[in-house]
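Survey of secondary and tertiary structure
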Amino acid sequence: METKKIFIFDLDGTLADAYRAIEKSLNFTRRQLGLSAISYLEAKKKVGRGDRAFMETFFAKKNFKAALVIYRAHHHQALVQYSRLAPSVKGVLSALKRKKKILAIASNRPHAFTEVILKARSIDKYFDMVLCADDIHSNKPHPKILKTILRRFKLKKEDAVFVGDMDIDLETACRAGVDAVFIRGGSSSLSAVKKYKDKKVISSLKELLDLYE
């Protein structure tokens, strides 16, 4: 077993399931603009690169600005109502904190909405740092988000592991030179990340505790 000092997590699809909230806000917006509904599965496929990129997928340029305003206004309450934690999240986070590990979030989701999920699901207390793409004006897979977290705690890349559910998470970890753990069941399939040869694969967050001391 390897020893790591810091565990950095993606949020959506890794610690939390907010796909239903996203689909609800997307389709509320589309109804407001007189557009047809998008299926849950189609919406889920496009998650992970920030809400602007997500909305650009489903709205023409002429509607984009209005759509983003409507979506964001609706999304706060949708996250409170529909977001859920992935299995075993609180137990795993508690176990890592008992081992004196540093815990952080690295998400492309806007910071304000990230905080909504963490607080609504009562896991904000576990994290020493929450960093989002809009905090640093840089989206994953650019490694800036992971490197910024490591600098904050004066740690080396060898001290860290990044856990995510998407190809962009593994690409981010690869570019930053940190251990990559892929958790199945999120937005990317295992076949979509097969090119990342050094990744570790888990099906449940509990398996993370078996990989690292």
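From a predicted model like this one, the values you see are computed outputs, not experimental measurements.

A word on the environment of L170. Mapped onto the fold, L170 is located in helix 9 (residues 167-176). Using a relative accessible area of 2% as the deciding quantity, one classes L170 as buried.

So, about the packing of aromatic side chains. Here the structure, examined in full by the defined rule, presents 3 aromatic pairs. On the numbers, 5.7 Å between centres and 85° between planes, the contact of F7 with Y212 is edge-to-face. Placement of the pair is F7 in strand 1 (residues 6-9) and Y212 in the segment after helix 10 (208-211), with a sequence separation of 205 residues. Considered together, F7 and Y212 belong to a single accessibility category, that of buried residues. Both rings, one in F54 and one in F58, keep their centres 5.2 Å apart while their planes meet at 65°; by these two values the pair is edge-to-face. One end of the pair, F54, and the other, F58, are both in helix 3 (residues 51-58), 4 residues apart, so they sit about a helical turn from each other.

The rules behind each value
- Numbering of residues starts from 1 in every chain and runs along the sequence as written.
- It should be noted that, the model being predicted, local features are given only for residues of pLDDT at least 70 and side-chain atom pairs only at 80 or more, the latter also being counted only at that level, while totals for whole chains, interfaces and linings use all residues.
- Calculated side-chain values reflect all of the structure's heavy atoms, with hydrogen atoms and water omitted.
- Strands are runs of DSSP state E lasting at least 2 residues, helices are runs of H or I lasting at least 4, and numbering of each runs from the N terminus.
- The cut-offs for exposure are 20% and 50% of the maximum accessible area for each residue type, with area from a 1.4 Å probe on protein chains only; residues under the lower value are buried, those over the upper are exposed, and the others partly exposed.
- Two rings from Phe, Tyr or Trp (for Trp, the six-membered ring) form a pair when their centres are within 6.5 Å of each other. A pair whose planes differ by under 30 degrees is stacked, one over 60 is edge-to-face, and the rest are tilted.

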